[in-house]
Amino acid sequence: MGERQAIDSGGSTRPRRRNRVAGSAHLLAAVAVAVTSSVGVLPNDVRAADPAILLSADDVGAPGNGPSGLGLLDADVTGDYIVFDSEAANLAAGDTDTTGDIFLRDREAGDFTALVSSDEFGISLGLAAYNPVIAGDGTAVAFEGKAPSAPGPFDGSASDIWLRDLATPGAFPLLPTDDFAAPDGESVPWSMSDDGRWILVSSAATNLDVAAPGADDTITDLYVVDRDGDGNGVFDDTAPALTPITAAWDGGATDGPVRSADMSADGRYVVMASEATNLVDGYTPACAAPCLQVYGIDRDPDGNGVLDETPPTIELLSGDVAFPPGEPSYDPSVADTGDVAFATEAPELGGAAGSPQVIVLTATGTETVASGYGPVIADDGDRIAFFD
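All values derive from a computational prediction rather than experimental measurement.

Calculation notes
- Residues numbered from 1 in each chain as written.
- Predicted model: local features only at pLDDT ≥ 70, side-chain atom pairs only at ≥ 80, totals over all residues.
- Heavy atoms only, no water.
- Helix = DSSP H or I, 4+ residues; strand = E, 2+ residues; numbered from the N terminus.
- Buried < 20%, exposed > 50% of the residue type's maximum accessible area, 1.4 Å probe, protein only.
- Contact = heavy atoms within 4.5 Å.
- Areas by Shrake-Rupley, 256 points an atom, 1.4 Å probe, with all protein chains shown as cover.
- Patch = residues over 30% accessible without salt bridge, like charges linked within 9 Å, V, L, I, M, F, W, Y side chains within 5 Å.
- Salt bridge = Lys/Arg side-chain N within 4 Å of Asp/Glu carboxyl O.
- Lys, Arg positive; Asp, Glu negative; His and termini not counted.
- Charge placed at Lys NZ, Arg CZ, Asp CG, Glu CD.
- 1 Å grid on protein atoms, 1.4 Å probe; cavity = no way out; pocket = protein on both sides within 12 Å on 5 of 7 lines; lining within 4 Å.
- Points joined across faces, edges and corners; volume = space filled by probe spheres on them.
- Nonpolar A, V, L, I, M, F, W, Y, C, P; charged D, E, K, R; others polar.
- Polar contact = N/O pair within 3.5 Å; in protein donor to acceptor, adjacent residues only side chain to side chain.
- Disulfide = S-S within 2.5 Å.
- Pairing = 2+ DSSP bridges.
- Axes fitted to C-alpha atoms, helices over the stretch in contact; angles between N-to-C directions.
- Phe/Tyr/Trp six-rings, centres within 6.5 Å; stacked < 30°, edge-to-face > 60°.
- Lys NZ or Arg CZ within 6 Å of the ring centre and 35° of its normal.

**Considering the overall build of the protein chain**
Part 1 of the reasoning: Summing up its helical and strand segments, the protein chain has zero helices and 26 strands in all.
Part 2 of the reasoning: By the burial criterion, 56% of the 388 residues in the protein chain qualify as buried.
Part 3 of the reasoning: A separation of at least 24 residues holds for 52% of the contacts in the protein chain among residues at least 6 apart in sequence.
Part 4 of the reasoning: Accessible area of the protein chain: about 14600 Å², with a carbon and sulfur share of 52%.

**Points about a negative patch on the surface**
Part 1 of the reasoning: On the surface, a cluster of negative charge is made up of Asp178, Asp179, Asp184, Asp209 and Asp216.
Part 2 of the reasoning: With respect to the element layout, aspartate 178 can be found in the loop between strand S12 (172-173) and strand S13 (187-192).
Part 3 of the reasoning: Using a relative accessible area of 47% as the deciding quantity, one classes aspartate 178 as partly exposed.

**Structural notes on the layout of surface pockets**
Part 1 of the reasoning: Taken as a whole, the second largest pocket spans an internal volume of roughly 380 Å³.
Part 2 of the reasoning: Together, 20 residues line the second largest pocket, and Glu315, Leu317, Gly338, Val340 and Leu361 are the ones closest to its centre.
Part 3 of the reasoning: Going through the elements one at a time, strand S18 (269-274), strand S19 (293-298), strand S20 (314-316) and strand S23 (357-362) are the ones with two or more residues in the lining of the second largest pocket.
Part 4 of the reasoning: When the residues that make up the lining of the second largest pocket are grouped by side-chain class, the tally is 11 nonpolar, six polar and three charged.

**Side note on the environment of threonine 246**
Part 1 of the reasoning: Structurally, threonine 246 is set in the loop between strand S16 (241-244) and strand S17 (258-263).
Part 2 of the reasoning: Residue classification places threonine 246 among the buried positions, given a relative accessible area of 4%.
Part 3 of the reasoning: Placed 32 residues apart in sequence, threonine 246 and glycine 214 show a C-alpha to C-alpha distance of 9.2 Å.
Part 4 of the reasoning: The contact partners of threonine 246, leaving out residues within four places of it in the chain, are Asp221, Leu222, Thr254, Val258, Met272 and Ile314.
Part 5 of the reasoning: A distance of 3.0 Å separates polar atoms of two side chains, one belonging to threonine 246 and the other to aspartate 221.

**Comments concerning the state of the cysteines**
Part 1 of the reasoning: Scanning the entire structure with this criterion turns up one disulfide.
Part 2 of the reasoning: Covalently, cysteine 287 is tied to cysteine 291 through a disulfide, its sulfur atoms 1.7 Å apart. The sign of the S-S torsion, about 85°, decides the handedness of the disulfide formed by cysteine 287 and cysteine 291: right-handed.
Part 3 of the reasoning: The class of cysteine 291 is buried, set by a relative accessible area of 7%.

**Remarks on the sheet that holds strand S24 (residues 365-371)**
Part 1 of the reasoning: Reading across the sheet, the four strands line up as S21-S22-S23-S24 and stay open at both edges, with antiparallel pairing between neighbours. Two strands in the sheet have a free side with no partner beyond their single neighbour: strand S21 (329-334) and S24. Adjacent strand axes in the sheet meet at a mean angle of 25°, parallel and antiparallel pairs treated alike.

**Some details on the pattern of salt bridges**
Part 1 of the reasoning: Following the criterion strictly, the structure yields six salt bridges and no others.
Part 2 of the reasoning: Residues aspartate 226 and arginine 197 are paired through a salt bridge, measuring 2.7 Å at the closest nitrogen-oxygen approach. Of the two residues, aspartate 226 is situated in strand S15 (residues 221-226) and arginine 197 in the loop between S13 and strand S14 (198-203); the sequence distance between them amounts to 29 residues.
Part 3 of the reasoning: Under the relative-accessibility criterion, aspartate 226 is labelled buried at 8%.
Part 4 of the reasoning: Using a relative accessible area of 22% as the deciding quantity, one classes arginine 197 as partly exposed.
Part 5 of the reasoning: Note that aspartate 298 and arginine 268 form a salt bridge whose closest N and O atoms lie 2.8 Å from each other. In this pair, aspartate 298 sits in strand S19 while arginine 268 sits in the loop between S17 and S18, placing the two residues 30 residues apart along the sequence.
Part 6 of the reasoning: For arginine 268, a relative accessible area of 22% corresponds to the partly exposed category.

**With respect to the side chain of threonine 220**
Part 1 of the reasoning: Locating threonine 220 in the fold gives a position in the loop between S14 and S15.
Part 2 of the reasoning: Judged by relative accessible area, which is 16%, threonine 220 ranks as buried.
Part 3 of the reasoning: Setting aside anything within four residues of it in sequence, one finds threonine 220 in contact with Ser202, Ser203, Ala204, Gly256, Pro257 and Val258.

**With respect to the packing of aromatic side chains**
Part 1 of the reasoning: Going through the model one piece at a time under the given rule, you end up with three aromatic pairs.
Part 2 of the reasoning: When the centroid spacing of 6.1 Å and the interplanar angle of 35° are considered together, the rings of phenylalanine 154 and tryptophan 190 count as tilted. Residue phenylalanine 154 is found in the loop between strand S10 (140-146) and strand S11 (159-165), and its partner tryptophan 190 is found in strand S13; the two are separated by 36 residues along the sequence.
Part 3 of the reasoning: Overall, the relative accessible area of 35% leaves phenylalanine 154 in the partly exposed class.
Part 4 of the reasoning: Judged by centre distance (6.4 Å) and plane angle (25°), the ring pair of tyrosine 373 and phenylalanine 387 falls under stacked. With tyrosine 373 in strand S25 (residues 373-377) and phenylalanine 387 in strand S26 (residues 383-387), this pair connects stretches of sequence that are 14 residues apart.
Part 5 of the reasoning: The class for tyrosine 373 is buried, based on a relative accessible area of 12%.
Part 6 of the reasoning: One residue, arginine 299, lies across the ring of tryptophan 198, its end atom 4.3 Å from the ring centre.

**A short note on the sheet that holds S15**
Strands in a sheet are paired, the pairing made by backbone hydrogen bonds, and the direction either parallel or antiparallel.
Part 1 of the reasoning: Strand order in this open sheet of four strands is S13-S14-S15-S16, and the pairing throughout is antiparallel. Only two strands of the sheet have a single neighbouring strand rather than two, namely S13 and S16. The sheet shows a mean angle of 30° between the axes of neighbouring strands, taken without regard to direction.
Part 2 of the reasoning: Two elements, S14 and S15, share six bridges in a ladder whose sense is antiparallel. Among the inter-strand pairings, leucine 200 is bridged to a residue of S15, identified as valine 224.

Here it is, written out as C-alpha cells:
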C-alpha cells in the first residue's frame, strides 16, 4: 500500500461529513468544512499558498445570503461536482425561499451552481432538504427531505430520502413504505456507490416496506437501497429494493441507534458507529452510555462479486469483544480496500477521554495517524483527511 499520507483539514468547527477523498489522481477531491454561513473547499492540489474556494456562491461569485453546510457534504471522485445544503435564497434559479435546499457546485463548468432539490420544472420542492450524497461518477444525488417547518438536519423529525438523477429534471421520494405514506421517522443518506446503484441510509421510520427485525420500532437502523432491484442493469426502479444491514446477533432487533455510517465506493464494505449493545455475540459495553463503538460489515464475504449476503455478519472493529474498550469510538470511514479509519478515545487504541486519536485498521494491523476526529479515507486507502 505504501506510506499513508495524512491530510489535516484544521479548523475548529466539527463537520458532520466529508464523504470523499480522491485517490492518487487528486490529493483531495473535496474536504468541505461546515461553517456558520458558507461552505469552502480546498483546491485539488492542496498547495499551501492557494486560497480556499467559496462554494456556497451564485454563478458570479456572490456569497449565499443564508447558512450553508448545515448537514452532510459530498463530492464526486474528481472533486468537480460538490453537493451541499443551504438555506440561502440567492444561489440558483428556482429557489427563492430560506428553507433548506440542495445545490451542486460544478467546478468543471466554471463554478456553476445548480439547484438539485427541484421539481421537473426546476422549482424548489419546498421541503427542508439537507444531507446530500452524490454518486462517485456524478450521475445522481440523494438527500434528506422533511417538512419545511423542520428546524434543521439531525433534529429527529420525520423525513424521506429523495433522489435526483442529474440527467433528468425533478427529484422523487425513494423509500418504500408499507402504508404508502411518507416515512414516519428521520431518514438520512450516508453514502452512495460510485455507480449510483447502492445508497446507504439510516432510518427511524416504523412503516418502511421491509421485512427486518426492528423495522417497526423507532430505533435508527441501517439499510442499503438498491436502485437496480430487478438486476437488469438499468437504474429505473421507482420503488427500489431495501436491504436491512443492522440486526442483533441473535436475529432480533437492535437495542441502540446508528449515529453515523459510511460505505465503500463499490458498495461492498459498510462501517457504522452505533450505540447498540447486541450487534455482536458476547459484547458488553465497558464505557458509560451512550457507548458508541465502530462496527464493520462485508456484504460479499464469499468474494463472488455478488452483494447478496443477508443478513450480513457484523464485526466489532473498535475493540475486542472479550476486553471491550472503556471509551467510545466514532466517525468511521471505509476504503474500497476494506481499510477503515475512525476516531477513538479508547486507551487500548491510543486515545483518551476527550482526546480522540485517528486510527486505521488494515489487513495487517492498526496504524495510529494523529490526534483528531472526523477522518475520511481515500477509496484506494492511501490518504486520509481529518480534523484536529
